[in-house]
Amino acid sequence: MTLRCQLSLGGRTVPLLDRARIYTCGITPYDVTHLGHAATFVWADALSRVLRALDVEPITCRNVTDVDEVLDVAAWRAGSEYDRFAAIQQFEFEGDMAALNVRPPEHEPRAHRYVDAVARLAGALLTTGDAYTRGGSVYFRGRAVVRASGLDVGRARALAGEYGGRLDDPAKEDPFDVAVWQAAEPDHPEWESPWGPGRPGWHAECVAMSLSAFGVGVDFHAGGADLAFPHHAYHRAMAEAVTGVRPYARAWLHAGTVTVDGAKMAKSAGNLVRVEDLLAAAPAAVVRMMILDRPWARDWDYTPELLEVAADRVDRLYRAAARPGGGDADETLGLLSRDLDVTAAVDLATDVGGASARRLASVLGLA
Ligand SMILES: [Zn+2]
């Protein structure tokens, strides 16, 4: 029995007993999986593997946002129904994750099956006074979300606009209010609701899926750093408003953004580094090492040379693992439990070698 059952993450210490709930914001399945996605899911995978090594059973949930405006447009361009299009993209994504040695989640809710749950969420938020109806839509009051985020209003406005916040929608009382339920519009799927035909809002979908999987809250919520605002800020606020339980998440894992020549990876920028191409160039252990051998919250710039550096790190770890002896493997686990310090753990395990190095390679999914 090990009595070490706490993990610190982002300055927050999270004492744990025997289980931990991890919700990871999954993909909107409309395009190929790139290194930016991979970084988020490999870090969430590392978190769950470290918990398992600490004798805490991770219960993981990674959703699929298959009802989404960006997806609708991509499906329309491809001449496909949104759900069929999403299912094919999701299949490709799961293949990439398996090739990266990312364990499949226990729960994998798909947004299109949670439309009723979102309608119920909208109804509950109307009851608590946190939402109001206008023209067939239900809007969540967002001004307090911006205040709680600590962002200045200009920055919040830019981010909300970038992520589909429709700041200039005249139906809203405040530009920062967001649709929990969006009234029907042409070229989008629609469902019946007490407010007329419409579709669920993005943040509300994740709230419905996380509360359905886990009840009132989670131990860890993971996602890319670009989801911190508005997506996670609104998710948290809606979940807390409807359950009355605070905080919704005990700790957040916002994996740093991956850039190429300083620019965020995006199809429109033409700078996607595809997981498929990375895995053609290097084994999964090397790609995982490249992602994990750094502070998880820090943004980083991808260059092909980083794969060579990671290959060298993996090679030295494997050679160290082949040595006899190796002392106290718990020491590396201690480093991992302190803010997932992979770099320090790899340094130590490579130095000590033997059992320590073998254990670390196994815990991080590098073996
Ligand atoms: Zn989400």
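Please read these numbers as outputs of a predicted model, since none were measured by experiment.

A.B. asks: Can you lay out the coordination of the zinc ion for me, pointing to particular residues and giving the numbers?
C.D. replies: When four donors bind a metal tetrahedrally, each ideal donor-metal-donor angle is 109.5 degrees, and when six bind octahedrally, the ideal angles are 90 or 180 degrees. Those protein atoms acting as donors to the zinc ion are Cys25 (SG), Cys206 (SG) and His231 (NE2), and they sit at 2.0 to 2.1 Å. Donor residues for the zinc ion sit on one chain with the sequence pattern C-x180-C-x24-H. You can see Cys25 sitting in the loop between strand 3 (19-24) and helix 1 (35-53) and its partner Cys206 sitting in helix 7 (residues 202-214), a full 181 residues away along the chain. Considered together, Cys25 and Cys206 belong to a single accessibility category, that of buried residues.

A.B. asks: Break down the layout of surface pockets for me, with residues and values.
C.D. replies: Counted as a void, the second largest pocket has a volume near 440 Å³. Together, 19 residues line the second largest pocket, and Val145, Ala148, Ala233, Arg236 and Ala237 are the ones closest to its centre. Elements with a contribution of two residues or more to the lining of the second largest pocket: helix 5 (143-149), helix 8 (228-243) and strand 10 (249-255). For the lining of the second largest pocket, the class distribution of residues is 11 nonpolar, 3 polar and 5 charged.

A.B. asks: How would you explain the sheet that holds strand 7 (residues 178-183) if you had to name every residue and give the values?
C.D. replies: Strand order in the open sheet made by the 4 strands is 5-6-7-8, with antiparallel pairing throughout. A strand with exactly one partner marks an edge of an open sheet, and here the two such strands are strand 5 (131-134) and strand 8 (198-200). Mean inter-strand twist for the sheet, computed between neighbouring axes without regard to direction, equals 20 degrees. Two elements, strand 5 and strand 6 (residues 137-140), share 4 bridges in a ladder whose sense is antiparallel. In the sheet register, Arg134 faces strand 6, and the bridge partner there is Ser137.

A.B. asks: So what's going on with the sheet that holds strand 10? Residues and values would help.
C.D. replies: On the basis of which strands lie adjacent, the open sheet formed by 4 strands has the order 4-3-9-10 and parallel pairing. Looking at strand neighbours, the two that pair on one side only are strand 4 (57-62) and strand 10, the edges of this open sheet. Taken over all neighbouring pairs, the strand axes of this sheet differ in orientation by 20 degrees on average, direction set aside. When strand 9 (residues 218-224) meets strand 10, the two strands line up parallel, connected through 6 bridges. Along strand 10, the bridge assignment pairs Gly223 with His254. Helix-sheet contacts for helix 7 involve strand 3, strand 4 and strand 9, and the interaxial angle to strand 3 is about 160 degrees. Set on the sheet, helix 8 makes contact with strand 3, strand 9 and strand 10; between it and strand 9 the angle comes to about 160 degrees.

A.B. asks: With reference to specific residues and values, describe the domain arrangement of the protein.
C.D. replies: Its domain assignment divides the protein into domain 1 (16-130 + 202-255) and domain 2 (305-363). One C-alpha centre belongs to domain 1, the other to domain 2, and the line joining them spans 30 Å. With 7 residues of domain 1 at the contact, the number on the domain 2 side is 8 residues. Area buried by domain 1 at its contact with domain 2 is led by Trp43, Val50 and Ala53, which between them contribute 61% of it. Scanning the region where domain 1 abuts domain 2 turns up 0 salt bridges. Top contributing element to the side of domain 1 that touches domain 2 by residue count: helix 1, with 5 residues. Of the residues contributing to the side of domain 1 that touches domain 2, the split by class is 6 nonpolar, no polar and 1 charged.

A.B. asks: I'd love a proper account of the environment of Phe85, names of residues and values included.
C.D. replies: Mapped onto the elements, Phe85 comes out in helix 3 (residues 82-99). Setting aside its immediate chain neighbours within four residues, Phe85 contacts Pro29, Tyr30, Leu71, Ala74, Ala75, Ala78 and Ser80.

A.B. asks: Tell me about the pattern of salt bridges, residues and numbers included.
C.D. replies: Applying the stated rule across the entire model yields 21 salt bridges. Linking Asp174 and Arg143 is a salt bridge whose minimum nitrogen-to-oxygen distance equals 2.9 Å. Within this pair, whereas Asp174 is found in the loop between helix 6 (153-162) and strand 7, its partner Arg143 is found in helix 5, the two being separated by 31 residues in sequence. The exposure class of Asp174 is buried, given its relative accessible area of 15%. When its relative accessible area of 31% is taken as the criterion, Arg143 is described as partly exposed. The closest approach of N and O atoms between Glu185 and Arg166, which form a salt bridge, is 2.9 Å. Residue Glu185 is located in the loop between strand 7 and strand 8, and its partner Arg166 is located in the loop between helix 6 and strand 7; the two are separated by 19 residues in the primary sequence. Given a relative accessible area of 24%, Glu185 falls into the partly exposed group.

A.B. asks: Describe the pairing of strand 1 (residues 6-9), and please don't skip the residues or the numbers.
C.D. replies: Taking every second residue as pointing to the same face, the buried face of strand 1 carries Leu7 and Leu9, while none of Gln6 and Ser8 on the other face is buried. Bridge count between strand 1 and strand 2 (residues 12-15): 4 bridges; the pairing is antiparallel. Bridged to Gln6 within strand 2 is Pro15. Between strand 1 and strand 2, which pair antiparallel in sequence order, lie 2 residues; one of them, Gly10, sits at a positive phi of approximately 55 degrees.

A.B. asks: Residues and numbers for the environment of Ala249, please.
C.D. replies: With respect to the helices, strands and loops of the structure, Ala249 is situated in strand 10. Separated by 226 residues in sequence, Ala249 and Tyr23 place their C-alpha atoms 9.2 Å apart. Not counting chain neighbours up to four residues away, the residues in contact with Ala249 comprise Val218, Asp219 and His221.

A.B. asks: Can you explain the packing of helix 7 against helix 8? Please cite residues and give values.
C.D. replies: Orientation of helix 7 relative to helix 8, taken along the N-to-C sense of each, is 55 degrees, at an axis distance of 9 Å. Relative to helix 8, helix 7 is oriented oblique. Where helix 7 crosses over helix 8, the handedness of that crossing is right-handed. Residues Trp202, His203, Ala204, Cys206, Val207, Ser210 and Leu211 of helix 7 form the contact with helix 8, whose own contacting residues are Pro230, His231, Tyr234, His235, Met238, Ala239, Val242 and Thr243. In terms of residue class, the contact of helix 7 with helix 8 is made up of 10 nonpolar, 5 polar and no charged.

Quick notes on the rules
Every chain is numbered independently, its residues counted from 1 as its sequence is written. Restriction of local features to residues with pLDDT of at least 70 applies here, the model being predicted, together with a cutoff of 80 or more for giving and counting side-chain atom pairs; totals for whole chains, interfaces and linings are based on all residues. Side-chain metrics rest on all non-hydrogen atoms present in the structure, leaving aside hydrogens and water. Atoms of type N, O and S within 2.8 Å of a metal are treated as its donors, and for Na, K and Ca the window is 3.2 Å; water is not considered, so some sites may appear to be missing partners. The numbering of helices and of strands both runs from the N terminus, where a helix is a DSSP run of H or I of at least 4 residues and a strand a run of E of at least 2. Burial status follows relative accessibility: with a 1.4 Å probe on protein chains alone, a residue under 20% of its type maximum counts as buried, one over 50% as exposed, and anything between as partly exposed. In this analysis a 1.4 Å probe is tested at points of a 1 Å grid over the protein atoms alone, and where it fits but cannot get out there is a cavity; an open set with protein on both sides within 12 Å along at least five of seven lines is a pocket; lining residues have an atom within 4 Å of a point. Grid points are joined across faces, edges and corners, and a volume is the space filled by probe spheres set on the points. Ten residues, namely Ala, Val, Leu, Ile, Met, Phe, Trp, Tyr, Cys and Pro, are considered nonpolar, four, namely Asp, Glu, Lys and Arg, are considered charged, and the remaining ones, Gly among them, are considered polar. DSSP-based pairing: two strands are paired if at least 2 bridges between them are found. Axis definition: a line fit to C-alpha positions, over the contact stretch in the case of helices; interaxial angles, taken between N-to-C directions, run 0 to 180 degrees. Any two residues having at least one pair of non-hydrogen atoms within 4.5 Å are treated as being in contact. For the purposes of this description, domain bounds are those given by an automatic or database domain assignment. Buried area adds together the accessible area that both of two parts lose upon being put together, with accessible area traced by a 1.4 Å probe. Every case where a carboxyl oxygen of Asp or Glu lies within 4 Å of a side-chain nitrogen of Lys or Arg is listed as a salt bridge. Oblique is the label for any angle not under 35 degrees, not over 145, and not in the 65 to 115 range, which are roughly parallel, roughly antiparallel and roughly perpendicular in turn. Two helices cross in a left-handed way if the nearer one is turned anticlockwise from the farther one by less than a right angle. They cross in a right-handed way if the turn is clockwise.

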